[in-house]
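Here is what each chain is made of, one letter per residue.
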Amino acid sequence: MTELRDAAILGGNRIPFARSGRAYARASNLDMLTAALDGLVARLGLAGQTLGEVAGGAVLKHSRDFNLVREAVLASALADDTPAFDVQKACDTSLEATLAVANKVRLGQVDVGIGCGVDTTSDAPVALNDDLRKVLMQAQRARGPADYVKLLGQLRPDQLKPEVPRNAEAATGLSMGEHQAITTAEWGISREAQDELALASHTHLAAAWDRGFFDDLATPYLGLSRDDNLRPDSSLESLAKLSPVFGDRETGTMTAGNSTPLTDGAAAVLVATPEWARAHDLPVLARLVDAESAAVDYVHGHEGLLMAPAYAVPRLLDRRGLSLQDFDLYEIHEAFASTVLATLAAWEDPEFTHDRLGRDEPLGAIDRTKLNVAGSSLATGHPFAATGARIVATAAKLLSERDDWEHGGRALVSICAAGGNGLVAIIEK
Amino acid sequence: MPDLYTRVVNHDVGQRIADLVGLPKPAVLRRHEPGQTLAAGPVVVTDGATGGTLAATAREALAAAGVEVHDDLADAQDVPRYAGLVFDASGLATTSDLAALHDTFHTTIRRLGASSRVVVLGRVPAECDDPATHAAQRSLEGFVRSIGKELRAGGTANLVEVAADAASGLAAPLRFLVSARSAFVSGQRLTVSAPSGTAAADPERPHDGRVAVVTGAARGIGAAIADTLARDGATVVCVDLPSAGDGLATVANRVGGTALQLDITAADAGAVLVDHVARRHGHLDTMVHNAGVARDKTIAGMDRARWDLVLGVNLGAIEAIDETLLRTDAGRAVLGADPRIVCVSSMSGIAGNRGQSNYATSKAGVIGHVAALADDVAAVGGTINAVAPGFIETEMTGAMPVATRELGRRLNSLSQGGLPVDVAEAIGFLAWPDADGVNGTTLRVCGQNLLGA
């Protein structure tokens with residue numbers, strides 16, 4: 001087998017993320033993904049070029065969008081003969097897509113490609129009532145008037161109620177927040193700790209925008225030039241006033257302030273070989289070196305829905321011969337503040353380490369000043385499939401900004417997902 | 001696309017009504033399209049007097065650009081209409097010599113066709129030691145400006161003053177002024193101050209292989225500049241504020257260039273720009289300072305913030321970036337062998353405008369900036385010039401009240417507003433490699449507007 005090549009991250013782009021029903025209320029997934037791709041193409045000067053692959057996807061998807069990414073490529077400034085495919089893995093979608101492209105790059109199957117993702121909760125698919133759909137399908141097969149009369153008799157008024165996508169697990173019927181509330185209570189994550197993490201996310205993101213960090217990572221869209229979920233003037237006092245929205249309405253600790261809101265947005269990241277980068281005069285920001293996925297059995301109550309990364313990280317560390325402390329940056333997706341805190345607590349907990357991971361020594365604590373230093377999903381919002389590409393681009397640029405990293409410039413990316421999935425990755429300068 | 005009124009009076013019925021009522025009749029101007037001939041037909045090049053030194057150069061330059069050049073007027077049966085008249089007035093040394101202007105134009109002007117080009121070639125009056133010669137050469141300006149107002153059907157008239165020993169610098173300006181690229185340039189005096197040390201550029205793609213930076217490229221005139229430079233072969237780095245990034249990306253992708261989201265008033269803007277161009281493109285050949293803002297108020301009602309913003313963007317940022325380009329090691333390293341800097345001034349900077357004291361101050365400052373830096377830029381093999389647009393049809397003028405807009409549009413010899421591409425073509429010309437004879441000047445693109453003329 002040939003030697004693996006480096007998968008260099010050369011740049012990223014996203015449109016500012018918008019809370020559901022606001023700035024992008026009339027934009028489709030195709031519109032937003034095309035805008036994110038076009039911004040990336042413009043920044044890197046790739047108009048009219050053919051890339052090896054574009055992989056991406058959306059979580060909330062119309063059936064007509066089965067080829068969403070390919071359609072976006074056709075609508076974008078990229079050459080029309082750039083191949084593309086769709087991936088769908090809940091909140092891990094664009095990290096998995098980026099990994100797919102990076103793996104193709106590493107294997108020598110392509111020299112350059114894009115990983116991307118998009119989601120809208122404002123233009124979500126609303127489907128026919130399932131009962132009505134079955135009647136209509138039978139009507140397609142009907143022969144003669146008698147069959148039609150029979151089918152007419154099957155129509156009921158309640159079949160007019162459409163199928164609306166729900167943020168709930170198919171296997172349990174519980175929403176993601178309700179699942180996380182169970183985990184939060186199990187790990188005894190305090191309201192104060194969650195609010196502090198949320199505040200840090202807003203503070204860090206505001207500072208990043210203010211210092212121009214996103215000048216080459218974001219392109220305005222539909223009049224929005226910053227994430228509209230960002231509240232730079234947020235405070236612990238204002239966060240403390242919010243009522244719990246998940247778990248017990250009295251004693252619960254998860255509020256709208258320390259949970260991510262429904263969000264619209266799109267993000268993309270370009271991955272190529274260092275040779276391709278040199279040939280196109282593009283500086284390399286960082287490299288995607290490895291990744292690991294895991295899943296947990298949340299259905300039977302054995303583990304929390306969003307805890308899979310707690311299992312994936314130790315396996316990845318073992319393979320790379322690293323400790324949890326060998327990182328300069330940690331990018332842990334803030335689905336909920338308590339998700340991050342429960343994951344960190346698990347890595348420090350001897351019982352979890354012994355019983356769940358089957359290991360002797362806990363991974364230990366991380367230096368919290370290295371966590372989500374340019375803000376994360378609590379502040380940006382979380383368009384499910386776009387989050388991975390946002391995080392990869394942010395981490396890569398952060399690493400590229402300094403030469404004096406203690407560990408040479410190494411970031412851990414961790415993203416939990418619906419279905420008990422989780423995907424983690426290592427990015428190095 | 002011409003404005004509605006222009007389209008109406010160029011239509012059968014509209015034309016008849018306009019004739020009847022005596023309304024102005026703006027022509028649809030001939031504009032550059034790739035592949036078109038430089039001139040719409042033959043051009044006659046006339047020696048004004050013995051002792052003239054420029055006719056031969058003019059003939060050679062036009063012939064090299066594929067123009068059919070006539071030394072004398074052909075019979076009207078053979079050539080009913082000429083596309084242009086180039087008159088070498090450099091030999092006119094006395095008041096009585098000026099009669100040559102009458103002799104030629106009295107008969108020839110009726111032979112000029114639509115969108116015709118009159119170019120009078122003269123000397124720099126201040127260089128003429130003999131008082132009579134100085135006066136005669138200075139007279140040309142009044143003559144040309146009048147001809148500009150007499151020409152019909154989109155014709156333009158311009159004067160090119162050529163300094164002693166600078167005749168070879170005439171070719172590029174002459175090509176520009178005879179071509180459709182100068183559709184909205186009329187009644188102007190352009191000075192050729194130095195000979196050209198560069199071979200004539202490919203007339204179709206004069207910017208081939210060159211890298212251009214255009215600020216304020218997200219829309220309007222800036223977008224047209226990016227389009228025009230790219231059409232003529234340049235790789236364009238499109239710069240605009242991060243908040244204008246979506247329009248910027250559209251333009252950058254359209255021209256196959258790169259988008260750089262940058263606030264040009266930031267302290268490190270010059271360094272960021274230089275670093276981007278050096279890394280991505282290796283060299284910077286054309287720097288177009290187009291970004292500008294207006295915050296109109298009469299001076300009594302204008303707060304300091306409006307003043308500071310307009311002066312900061314329209315003048316301060318240009319000075320700072322040019323300082324980086326010319327006086328830092330990184331800046332000088334990225335400049336190509338024959339760099340071109342082109343700034344965008346404004347008619348307001350020449351004529352002044354009520355409610356625009358901040359804007360006019362900044363735009364007049366730009367005229368001073370290019371004059372002041374001309375020698376420094378020449379020292380690194382380049383030129384720095386400005387264009388001063390008059391009434392140009394943009395989103396901004398489209399938002400003006402109808403009466404103000406109509407008035408603004410018609411107050412020039414062509415009775416119409418210019419298009420963003422007209423400004424872009426003039427900038428493109430000043431950035432041609434062989435336009436190296438023109439330095440430190442400001443060229444108006446105003447259709448010979450009455451304001452500040």
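Just so it is clear, the structure is predicted and the values come from calculations on it, not from any experiment.

A short note on the overall build of chain A
For step 1, the next point in the chain: For chain A, the helix and strand inventory stands at 14 helices and 10 strands.
For step 2, the next point in the chain: Taken against the 2.2 N^0.38 rule, which gives 22 Å for 429 residues, the C-alpha radius of gyration of chain A at 22 Å falls within 12% of a compact globule.
For step 3, the next point in the chain: Structurally, chain A occupies a C-alpha span of about 80 × 55 × 50 Å along its principal axes.
For step 4, the next point in the chain: Taken over 429 residues, chain A has a buried fraction of 57%.
For step 5, the next point in the chain: Considering only contacts in chain A between residues 6 or more positions apart, those separated by 24 or more positions represent 80%.
For step 6, the next point in the chain: Carbon and sulfur atoms make up 50% of the accessible area of chain A, which amounts to about 17,400 Å² in all.
For step 7, the next point in the chain: Here chain A holds 40 positive side-chain charges and 59 negative ones, and the gap between their average locations is 5 Å.

Here's the deal with the overall build of chain B
For step 1, the next point in the chain: The helix and strand tally for chain B stands at 16 helices and 13 strands.
For step 2, the next point in the chain: Here chain B has a C-alpha radius of gyration of 22 Å; the compact-globule value for 453 residues is 22 Å, and the two agree.
For step 3, the next point in the chain: Its C-alpha atoms give chain B principal-axis dimensions of roughly 60 × 50 × 45 Å.
For step 4, the next point in the chain: Here chain B holds 453 residues, and 57% of them are scored as buried.
For step 5, the next point in the chain: Restricting to contacts in chain B with at least 6 residues of sequence separation, those with at least 24 account for 74%.
For step 6, the next point in the chain: Accessible surface, chain B: about 17,700 Å² in total, of which carbon and sulfur atoms supply 54%.
For step 7, the next point in the chain: Averaging the locations of the 38 positively and 49 negatively charged side chains of chain B gives two centres separated by 8 Å.

Some words on empty space enclosed by the protein
Residues and elements named next belong to chain B.
For step 1, the next point in the chain: Across all of its chains, the model carries 4 cavities of 30 Å³ or more by this definition.
For step 2, the next point in the chain: The computed volume of the largest cavity comes to approximately 50 Å³.
For step 3, the next point in the chain: Lining of the largest cavity is provided by Arg-30, Ala-39, Ala-40, Ala-83, Ala-114, Ser-115, Arg-117, Val-178, Ser-179 and Ala-180.
For step 4, the next point in the chain: At 3 residues, the largest contribution of residues to the lining of the largest cavity is made by strand S4 (residues 112-123).
For step 5, the next point in the chain: Classifying every residue of the lining of the largest cavity gives 6 nonpolar, 2 polar and 2 charged.

Structural notes on the packing of aromatic side chains
Residue and element names in this part refer to chain A.
For step 1, the next point in the chain: One pass over the structure, following the stated rule, counts 11 aromatic pairs over all chains.
For step 2, the next point in the chain: For the ring pair Phe-213 and Phe-214, a centre distance of 5.1 Å and an interplane angle of 80° mean the geometry is edge-to-face.
For step 3, the next point in the chain: Using a relative accessible area of 3% as the deciding quantity, one classes Phe-214 as buried.
For step 4, the next point in the chain: Ring centres 5.8 Å apart and planes at 90° place the aromatic pair Phe-246 and Phe-336 in the edge-to-face group. In this pair, Phe-246 is assigned in the loop between helix H8 (236-240) and strand S6 (263-272) and Phe-336 in the loop between strand S8 (329-332) and helix H11 (337-348), connecting sequence segments 90 residues apart.
For step 5, the next point in the chain: Aromatic rings pair up to connect Trp-187, Tyr-311 and Phe-352 into one cluster.
For step 6, the next point in the chain: The side chain of Arg-14 reaches across the aromatic face of Phe-214, ending 5.0 Å from its centre.
For step 7, the next point in the chain: Positioned over the ring face of Phe-327 is Arg-410, at 6.0 Å from the centre of the ring.

Side note on the sheet that holds strand S6 (residues 189-192) of chain B
Residue and element names in this part refer to chain B.
For step 1, the next point in the chain: Spatially, S2-S1-S3-S4-S5-S6 is the arrangement adopted by the 6 strands of the open sheet, whose pairing is parallel. Every interior strand has two partners, whereas the edge strands, strand S2 (69-70) and S6, have only one.
For step 2, the next point in the chain: Both strand S3 (residues 82-88) and S4 contribute to a ladder of 6 bridges, which runs parallel. What sits directly across from Tyr-82, in S4, is Leu-112.
For step 3, the next point in the chain: Contacting strand S1 (43-47), S2, S3 and S4, helix H3 (residues 55-64) crosses the sheet at an angle of about 165° to S1.

Regarding the sheet that holds strand S9 (residues 258-261) of chain B
The strands making up a sheet are joined through hydrogen bonds of the backbone, oriented either antiparallel or parallel.
Residues and elements named next belong to chain B.
For step 1, the next point in the chain: What the 7 strands build is an open sheet, ordered S9-S8-S7-S10-S11-S12-S13; its pairing is parallel. Strands with a single pairing partner mark the edges of an open sheet, and in this sheet they are S9 and strand S13 (442-445). Each strand of the sheet is rotated relative to its neighbour by a mean of 20°, with strand direction disregarded.
For step 2, the next point in the chain: When strand S12 (residues 383-389) meets S13, the two strands line up parallel, connected through 4 bridges. Residue pairing for S13: Val-387 is matched across the bridge by Leu-443.
For step 3, the next point in the chain: Those strands touched by helix H10 (residues 304-327) are strand S10 (284-289), strand S11 (335-344) and S12, and its axis lies near 170° from that of S10.
For step 4, the next point in the chain: Relative to S12, helix H16 (residues 420-430) is tilted by about 165°, and along the sheet it contacts S10, S11, S12 and S13.

Points about the confidence of the model for chain B
For step 1, the next point in the chain: For chain B, the average pLDDT comes to 92, and 97% of its residues sit at 70 or higher.
For step 2, the next point in the chain: ipTM for the predicted complex: 0.86, alongside a pTM of 0.89.

Quick look at the pairing of strand S8 (residues 235-240) of chain B
Two faces belong to every sheet, and in a regular strand the side chains alternate between them.
Residue and element names in this part refer to chain B.
For step 1, the next point in the chain: The element S8 is extensively covered by neighbouring structure, given that 5 of its 6 residues are classed as buried.
For step 2, the next point in the chain: Here 5 bridges tie strand S7 (residues 211-215) to S8, and the two strands are oriented parallel to one another. By the bridge assignment for S8, Thr-215 is matched with Val-239.
For step 3, the next point in the chain: Following the chain from S7 across helix H7 (residues 220-231) to the adjacent parallel S8, one finds a crossover that is right-handed.

Some thoughts on the pairing of S7 of chain B
For step 1, the next point in the chain: Counting buried positions along S7 of chain B gives 5 out of 5 residues, so the element sits mostly inside the fold.
For step 2, the next point in the chain: Burial along S7 of chain B is two-sided: the face carrying Val-211, Val-213 and Thr-215 of chain B and the face carrying Ala-212 and Val-214 of chain B are both buried.

Thoughts on the interface of chain B and chain A
For step 1, the next point in the chain: In this assembly, 15 residues from chain B lie in contact with 22 residues from chain A.
For step 2, the next point in the chain: It is Asn-253, Gln-261 and Arg-280 of chain B in chain B that bury the most area against chain A; as a group they hold 47% of the surface buried on that side.
For step 3, the next point in the chain: Scanning the region where chain B abuts chain A turns up 0 salt bridges.
For step 4, the next point in the chain: Put simply, chain B and chain A have 8 residue pairs in polar contact (both at pLDDT 80 or more) between them.
For step 5, the next point in the chain: Among the secondary structure elements, those contributing two or more residues to the side of chain B that touches chain A are helix H8 (245-255), S9 and helix H9 (269-281) of chain B.
For step 6, the next point in the chain: Counting residues per element, the side of chain B that touches chain A draws most heavily on H8 of chain B, at 5 residues.

A look at the pattern of salt bridges
For step 1, the next point in the chain: In total, this model carries 46 salt bridges over all chains according to the counting rule given.
For step 2, the next point in the chain: Across the pair Asp-86 of chain A and Lys-61 of chain A runs a salt bridge whose closest N-O atoms are separated by 2.5 Å. With a gap of 25 residues between them, Asp-86 of chain A in strand S4 (residues 84-86) and Lys-61 of chain A in the loop between strand S3 (53-57) and helix H2 (68-75) connect regions that are remote in the sequence.
For step 3, the next point in the chain: Between Glu-141 of chain B and Arg-189 of chain B there is a salt bridge, and its shortest N-O distance comes to 2.6 Å. Taken together, the residues Glu-141 of chain B in helix H5 (residues 131-150) and Arg-189 of chain B in strand S6 connect sequence positions 48 residues apart.

What about H2 of chain A?
For step 1, the next point in the chain: Taken residue by residue, H2 of chain A has Leu-68, Val-69, Ala-72 and Val-73 of chain A as its buried positions. All buried residues of H2 of chain A project into a common sector of 135° when viewed along the axis, lining one side.

Some details on the nonpolar core
One broad trend across soluble globular proteins is that nonpolar side chains are buried collectively.
For step 1, the next point in the chain: Membership of the largest hydrophobic core comes to 70 residues, with the highest contact counts inside it found for Val-86 and Phe-429 of chain B.
For step 2, the next point in the chain: Among the elements that make up this core, the one with the highest residue count is H7 of chain B (7 residues).
For step 3, the next point in the chain: Counting 61 residues, the second-largest nonpolar core is a separate cluster that includes Leu-95, Val-105, Val-271 and Phe-336 of chain A.

Calculation rules
- Along each chain, numbering runs from 1 in the same order as the chain's sequence is written.
- The order in which chains are written sets their letters, starting at A; the order in which ligands are written sets their numbers, starting at 1.
- The predicted nature of this model means local features are confined to residues of pLDDT at least 70 and side-chain atom pairs, given and counted, to a pLDDT of 80 or more, with totals for whole chains, interfaces and linings taken over all residues.
- Based on all heavy atoms of the structure, the side-chain values leave hydrogens and waters out of the count.
- Helical segments are the DSSP runs of H or I of at least four residues, strand segments are the runs of E of at least two, and each set is numbered from the N terminus.
- C-alpha atoms define the radius of gyration in this analysis, and the globule rule sets the expected value at 2.2 Å times the number of residues to the power 0.38.
- Only protein chains enter the area calculation, which uses a 1.4 Å probe; residues under 20% of their type maximum are buried, those over 50% are exposed, and those in between are partly exposed.
- Throughout, a contact is declared for two residues whenever any of their heavy atoms are within 4.5 Å.
- All accessible areas in this document rest on Shrake-Rupley with a 1.4 Å probe, and a residue is counted as covered only by the protein chains that are shown.
- Counting rule for charge: Lys and Arg are taken as positive, Asp and Glu as negative, and neither His nor the chain ends is counted.
- In this description, the location of a charge corresponds to atom NZ of lysine, CZ of arginine, CG of aspartate or CD of glutamate.
- With a 1 Å grid spanning the protein atoms alone, the term cavity applies to any set of points in which a 1.4 Å probe fits but cannot get out, the term pocket to an open set with protein on both sides within 12 Å along at least five of seven lines, and the term lining residue to any residue with an atom within 4 Å of a point.
- Grid points are joined across faces, edges and corners, and a volume is the space filled by probe spheres set on the points.
- The residue classification treats Ala, Val, Leu, Ile, Met, Phe, Trp, Tyr, Cys and Pro as nonpolar and Asp, Glu, Lys and Arg as charged. All others, Gly included, are polar.
- Each pair of aromatic rings taken from Phe, Tyr and Trp, with Trp reduced to its six-membered ring, is defined by centres within 6.5 Å and is described as stacked if the planes are under 30 degrees apart, edge-to-face if over 60, and tilted in the remaining cases.
- By definition here, charges over rings are those cases where NZ of Lys or CZ of Arg is within 6 Å of the ring centre and within 35 degrees of the ring normal.
- By this definition, two strands are paired if DSSP reports at least two bridges between them.
- Fitted lines through C-alpha atoms give the axes, limited to the stretch in contact for helices. The angle between two N-to-C directions lies from 0 to 180 degrees.
- pLDDT gives the predictor's per-residue confidence on a scale running from 0 to 100.
- Looking down the strands as they point away from the viewer, one classifies a crossover as right-handed if the path from the first strand across the helix to the second runs clockwise.
- Buried area: the sum, over both parts, of the accessible surface (1.4 Å probe) that disappears when the two are put together.
- For this document, the term salt bridge refers to a Lys or Arg side-chain nitrogen within 4 Å of an Asp or Glu carboxyl oxygen.
- Any N or O atom pair separated by 3.5 Å or less is treated as a polar contact, with the protein-specific requirement of one donor-capable and one acceptor-capable atom, and with residues adjacent in sequence counted only for side-chain atom pairs.
- Each C-beta atom gives one direction from the helix axis, and the arc is the one those directions make.
- Joining through side-chain atoms within 4.5 Å is the link that ties buried Ala, Val, Leu, Ile, Met, Phe, Trp, Tyr and Cys residues into a set, and such a set is a nonpolar core.

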